[in-house]
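An overview of the molecular structure
Residues per chain, in single letters:
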Amino acid sequence: METLYLIKPGELELKTGNLREFESRLRKDIERRLDGRARVDIRPGRFFLRVPEGLEEKAERVLSRVPGIVGYARARTCGKTMPEIGVLALEVAREGREAGHSTFKVEARRADKGFPLDSYGLARELGGLILENVPGLTVDVRKPQFTVYVEIRERAYVHGVVRKGQKGLPAGSAGKGLLLLSGGIDSPVAGYLMAKRGLSLEAVYFNAYPYTSREAWEKVRDLARIVARYAGDMTLHTLSFTEIQTAIKRGSPEDCTTLFLRAAMVRAAHLLAGEIGANSLVTGESLGQVASQTAENIRFSQAQTDLPVFRPLIGIDKEDTMRTAREIGTYEVSILPYEDCCVLFSPEHPILRARPDREGPAYVSLGLEDLIVEAVRTREILKVPCEV
Ligand code: ATP
Ligand code: MG
């Protein structure tokens, strides 16, 4: 026996221009995450997923994580006759009762206007049927403990609980972004948020081996794996920044070291983005959170690229970012205590308001470009598949 899921896709309606492309991306994404073992049918405003027996748990994990879905429900389907619909409505109502609920309502939608009863008539008839046949239930249209949904389309569909999806846009519909992924709390969340805006992602991590440990890298890899559950298949590029950091430490005023490191990171990310065909960079920066994240200092590093740099956390409080990190499962990994690459220097009084006319020439005089090109060229590349 197959299990049927009714899926309400996200903002697809709004984008009538690209509707077909969006739909087909979402369909393929769902099918691929289920290893081609399930099939999606696209209908106006709804998708239907048919899953072979035994694959339901996996399918539900996919549906709850894939970008582009508002909600989904396990559904039953039958012909468009009231006796058949009644049988299914009773099944759903009994399930609700067994789950301990005592109030319900019926919500009906008649997409097929040829069906003799209108939505109101359907809801009333089925409500009556349920009251007669399932003891212990009463109707509450305002705040029911559960709802029996009925949709009349090319067939009739009946379902109960609707689970939430991630909303947003299908992965890849906005092209590819390059996520600057550190081991911190913020950047994985930033990647997750931009994935929901339709970016597929590759990630870049700058290490400073041997000053940073193997464990620090493993932590970043584990974070990438979690982000990939939502964003889809990713690739993690690891660049060695040891020489670059050494050059910065040797040639810069102490208060500028972090500022220059951030500029070098953005420059390297810019070059890498060109190689992999990314249309944007993504960071976890949040205005004012640390010294390197003042408007002036962000401007300084931003000058190293003309790509848009997406910073979805720029106006978000740390508390809220932490909540999202917990929800998506990155928090527990992010708080593991491994050093990040800035350990090589953390100036006591970092510069707060970089000026292009003052710090710009000092940065240029470091002559980092060749080292940066080399770091990009000799990077380690790891495929991070979307695991369900
Ligand atoms: P996070 O929690 O994401 O590490 P943060 O609050 O620690 O952020 P910074 O260390 O200033 O802030 O880093 C700002 C952003 O720069 C990060 O969100 C990330 O996108 C990027 N970044 C910082 N360090 C690295 C690194 N070693 N490798 C890749 N990206 C980095
Ligand atoms: Mg950090």
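Structural data are supplied above this passage.
Here goes a summary of the coordinates provided. (Residues numbered from 1 in each chain as written. Chains lettered and ligands numbered in written order. Predicted model: local features only at pLDDT ≥ 70, side-chain atom pairs only at ≥ 80, totals over all residues. Heavy atoms only, no water.)

**Quick word on the sheet that holds strand β14 (residues 309-310)**
To keep it simple, the criterion reads: Here, strands pair whenever DSSP counts at least two bridges between them. Only runs of H or I of at least four residues qualify as helices and only runs of E of at least two qualify as strands under DSSP, and these elements are numbered from the N terminus. Note on contacts: a residue pair qualifies if any of its non-hydrogen atoms lie within 4.5 Å across the two residues. For every element, the axis is a line fit to its C-alpha atoms; helices are fit only across the contacting stretch, and the angle between N-to-C directions ranges from 0 to 180 degrees.
Judged by pairing direction, the sheet is mixed, and its six strands sit side by side in the order β14-β13-β10-β11-β12-β15 without closing on themselves. Every interior strand has two partners, whereas the edge strands, β14 and β15 (380-384), have only one. By the bridge criterion, two bridges tie strand β13 (residues 280-282) to β14 in an arrangement that is parallel. Counterpart to L281 in the pairing with β14 is V309. Along the sheet face, helix α8 (residues 257-276) touches β10 (176-180), β11 (200-207), β12 (234-240) and β13 and points at about 150 degrees away from the line of β10.

**Some words on the nonpolar core**
Going by this rule: We define a nonpolar core as any set of buried Ala, Val, Leu, Ile, Met, Phe, Trp, Tyr and Cys residues linked to one another through side-chain atoms lying within 4.5 Å. When a residue's accessible area, from a 1.4 Å probe over protein chains only, is under 20% of the maximum for its type it is buried; when over 50% it is exposed; and in between it is partly exposed.
The biggest cluster of nonpolar side chains holds 36 residues, and the ones touching the most others in it are L178, L239, F241, L281, Y363 and L368. Secondary-structure elements contributing two or more residues to this core are β10, β11, α7 (242-251), α8 and α13 (369-377). Top element by residues in this core is α8. It accounts for 12 residues. Core analysis: the second largest hydrophobic core is formed by 29 residues, V189, L199, A203 and M322 among them.

**Some points on the site of ligand 1**
Which entries qualify depends on this criterion: One heavy atom suffices: a residue is near a molecule or strand as soon as one of its heavy atoms comes within 4 Å of it. In protein, a polar contact means a hydrogen-donor-capable atom and an acceptor-capable atom, both N or O and within 3.5 Å, with residues adjacent in sequence counting only if both atoms are side-chain atoms; elsewhere, any N or O pair within 3.5 Å suffices. Areas reported here follow the Shrake-Rupley algorithm with a probe of radius 1.4 Å; residue values treat only the protein chains shown as occluding. Each residue receives one of three labels: charged for Asp, Glu, Lys and Arg, nonpolar for Ala, Val, Leu, Ile, Met, Phe, Trp, Tyr, Cys and Pro, and polar for the others, Gly being one of them.
Around ligand 1, 20 residues are found, and the nearest of them are L180, S182, D186, S187 and Q289. At 3.0 Å from an oxygen atom of ligand 1 is found a main-chain nitrogen or oxygen belonging to I185. Considered on its own, ligand 1 offers 570 Å² of accessible surface; in the complex 91% of this is hidden by protein. Those elements giving two or more residues to the shell around ligand 1 turn out to be α5 (186-195), β11 and α8. Looking at the shell around ligand 1 element by element, the count peaks at three residues for β11. Classifying every residue of the shell around ligand 1 gives nine nonpolar, eight polar and three charged.

**Here's the deal with helix α2 (residues 56-65)**
The α-helix winds at 3.6 residues per turn, so residues separated by three or four positions along the chain end up facing the same way. Listed in full, the buried residues belonging to α2 are E56, A59, E60, V62, L63 and R65. As for α2, its buried residues are in contact with β1 (3-9), α1 (19-33), β3 (46-51), β4 (69-78), β9 (163-167) and α6 (214-231).

**Re the side chain of T242**
Mapped onto the elements of the fold, T242 is located in helix α7. Taking relative accessible area as the criterion, T242 reaches 12% and is therefore assigned buried. Among the polar contacts listed, one links the side chain of T242 to the backbone oxygen of Y209, at a separation of 2.6 Å. Not counting the four nearest positions on each side in its chain, T242 is found in contact with N207, A208, Y209, P210 and Y211.

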